[in-house]
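# Chain and residue survey
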Amino acid sequence: MKSGAYGLLFLFITVGFFQNLGATVSNDEWSNFSKNQIEEINQKTLLEQKTNDLESLILAKKFLVNGDTEWARYFLNKVNTNESDLNVVIKRYKAWISFIEGKYEETEEMLNSREFSEVENFKEVCLLKILTKMIGPYNKELAQELSYCSIITRLYSNNEQYWLENLTKLKTKKFGQIKGMNTSDIQYIISDQQLVRIWLKTGLFMNREDLIEKHLKSLPSSIYRSKRTRELIGFYHYRKGEFDKAKDFVEDIDTPNAENIRGNINLKDKKYELAFGHFKLALNKKANSLNALERAIPLAWILEQWKDGLELIGRLVDESIDVQKKDALESAFHIRMSNFDLAERKLRILDAEYQGQPPLEVDIMRSYVALRNNDPKTLYLTSKNACRRYDGLSCWIQNQLIIWENIGKTIERDEEIQAGNTFDLENIKKFVTPEPMQESIYIDQKDIEELDSQLVKIKTN
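Procedures and definitions
Residues numbered from 1 in each chain as written. Predicted model: local features only at pLDDT ≥ 70, side-chain atom pairs only at ≥ 80, totals over all residues. Heavy atoms only, no water. Helix = DSSP H or I, 4+ residues; strand = E, 2+ residues; numbered from the N terminus. Buried < 20%, exposed > 50% of the residue type's maximum accessible area, 1.4 Å probe, protein only. Contact = heavy atoms within 4.5 Å. Patch = residues over 30% accessible without salt bridge, like charges linked within 9 Å, V, L, I, M, F, W, Y side chains within 5 Å. Areas by Shrake-Rupley, 256 points an atom, 1.4 Å probe, with all protein chains shown as cover. Salt bridge = Lys/Arg side-chain N within 4 Å of Asp/Glu carboxyl O. Lys, Arg positive; Asp, Glu negative; His and termini not counted. Charge placed at Lys NZ, Arg CZ, Asp CG, Glu CD. Core = buried A, V, L, I, M, F, W, Y, C linked by side-chain atoms within 4.5 Å. Phe/Tyr/Trp six-rings, centres within 6.5 Å; stacked < 30°, edge-to-face > 60°. Disulfide = S-S within 2.5 Å.

A count of helical and extended segments in the protein gives 26 helices and zero strands. The 461 residues of the protein split such that 36% are buried. Restricting to contacts in the protein with at least 6 residues of sequence separation, those with at least 24 account for 51%.

For the rest of this paragraph, the subject is a negative patch on the surface. Together, Asp444, Asp447, Glu449, Glu450 and Asp452 give the surface a local cluster of negative charge. One can find Asp452 in helix α26 (residues 445-453). On the basis of relative accessible area, Asp452 is assigned to the exposed category, the value being 63%.

Applying the stated criterion to the full structure yields 19 salt bridges. Across the pair Glu108 and Lys133 runs a salt bridge whose closest N-O atoms are separated by 3.1 Å. In this pair, Glu108 sits in helix α6 (residues 104-111) while Lys133 sits in helix α7 (residues 119-133), placing the two residues 25 residues apart along the sequence. Using a relative accessible area of 28% as the deciding quantity, one classes Glu108 as partly exposed.

Moving on: the environment of Val250. Relative to the helices and strands, Val250 resides in the loop between α14 (243-249) and α15 (256-268). Overall, the relative accessible area of 0% leaves Val250 in the buried class. Placed 15 residues apart in sequence, Val250 and Phe235 show a C-alpha to C-alpha distance of 8.6 Å. Val250 has contacts with Arg230, Glu231, Gly234, Ala258, Ile261 and Arg262, leaving out every residue within four places of it along the chain.

One finds Trp199 and Leu200 to be the most contacted residues of the largest nonpolar core, which totals 21 residues. The set of elements that each furnish at least two residues to this core consists of α9 (162-171), α10 (186-189), α11 (193-205), α12 (209-215) and α13 (227-239). A per-element tally of this core places α11 first, with six residues. Listed in part, the 17 residues of the second largest apolar core include Phe276, Phe279, Leu299 and Ala300.

Glancing now at the packing of aromatic side chains. A complete count under the given rule lists 15 aromatic pairs for this structure. Relative to Phe75, the ring of Phe63 has its centre 5.8 Å away and its plane inclined at 0°; by these criteria the two rings are stacked. Remark: Phe75 occurs in helix α4 (residues 69-77) and Phe63 occurs in helix α3 (residues 35-65); sequence separation between them is twelve residues. The class for Phe75 is buried, based on a relative accessible area of 0%.

Right, let's talk about unusual backbone geometry for a bit. In this model, Glu304 sits at a positive phi of 60°, which is unusual for a non-glycine residue. Of note, the phi angle at Tyr390 is positive, near 70°, even though the residue is not glycine. Inspection of the secondary structure assignment puts Tyr390 in the loop between α22 (376-388) and α23 (392-403). Classification of Tyr390 as exposed rests on a relative accessible area of 78%.

Turning to a nonpolar patch on the surface, a few remarks are in order. On the surface, Ile402, Ile403 and Trp404 cluster together into a nonpolar patch covering about 350 Å² of accessible area. Relative to the assigned elements, Ile402 resides in helix α23. For Ile402, a relative accessible area of 72% translates into the label exposed.

All told, the structure shown has two disulfides when counted by the stated rule. Put simply, Cys126 and Cys149 are joined by a disulfide, and their sulfur atoms are 2.0 Å apart. Between Cys126 and Cys149 the sulfur-sulfur dihedral comes to about 60°; the bridge is accordingly right-handed. With Cys126 in helix α7 and Cys149 in helix α8 (residues 140-153), this pair connects stretches of sequence that are 23 residues apart. Cys149 shares its class with Cys126; the two are buried. Bridging Cys387 to Cys395, the disulfide has an S-S length of 2.1 Å. For the disulfide bridge between Cys387 and Cys395, the dihedral angle about the S-S bond is near 100°, and by the sign convention the bridge is right-handed. Given the relative accessible area of 23%, Cys387 is considered partly exposed. Taking only the cysteines that form disulfides and numbering them from first to last, the protein has the pattern 1-2, 3-4.

Function cannot be read off these values alone, since they describe shape.
Right, dumping it as structure tokens:
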């Protein structure tokens, strides 16, 4: 959360506290008030409630724009919905929250509410509705929504629906018609800062860094005053492998994308702790940044930040993520934290979901957890399954189970291990000339051949 946001939060809580304090009236005082005075107090109370609702909405929108859905939802829940005329706005903000969190079916369900069918409300959500539908296939319904939304929102667009039209061309794969991808469009685009941003985004999305490079010097110097524009240019230089320039462009920018760029550069240089710090800063500003999460979780494992890793895994809400793989990864972090009971429950559920045929990694984790929990029965079954799939350590465990009654308790013994000094890694790696085994002869082969050559007569009755 930004310092400015903390200031707004503190101001909101403080003002609300003193307003409520001033509005408190004891029971004895009510009898001295006239009807007009009581009405005035009620009006003041209602005004304070409305003011608080609006302040909550302002803060919710601020956090929503910054991608902090948790705080945005918190302030939306503070708005009085019983007698509030802001319910439509609240539902619209909650739909955006669901969209940002990747809950697209939930978003579409909210937008299909009766309130949004009215023209005045529909124009506020039609772009979000189109973005949600674009995740699926392009069909007649989406085409109709696009046409209608374009008509009713065109008057409110400062750039003649530049971004919406480009999205449509991308979805329908009409790449040659995308605005800004032709040299003839450039002179018109560079005259407007907002158009420049859309042009940069489109070029990056289309992997047309060559087009950006060709016209980057044509941009007016005033363009560089915008942090959002410099952030895009920084990302362009990152794509080109010009990492020093990328860092220079995003040096004074503290957005999630800027932190991700800095984190990626440090990751490339194998400065894992610095990279992890930047990705965490990105997640502080945008709690569900998939780019940051995809990099921060492996770094948490490398840096042995098990608690942070578990917390980051809990933020993964993307519907495209394999839930079973996510649960397996969470189990691995629990194992590293020695939360063996939690890990065992999760792995048992995973085994059931895979119908007793889980991936090798799940069987290996179950074997280790069973070993640490002194569960020889599960250890035998899981290590046997893993051994059959050529996991050497699991085969070794199978052999040890023949020797030791409970190997889990055996490995926890703290007695000194007796081993010869000659048994070390260097001796194992040394080349040794094989010598034939000297077999003890109990029956001479000649005797066997002599017996075989004798005619054996079988006596019959």
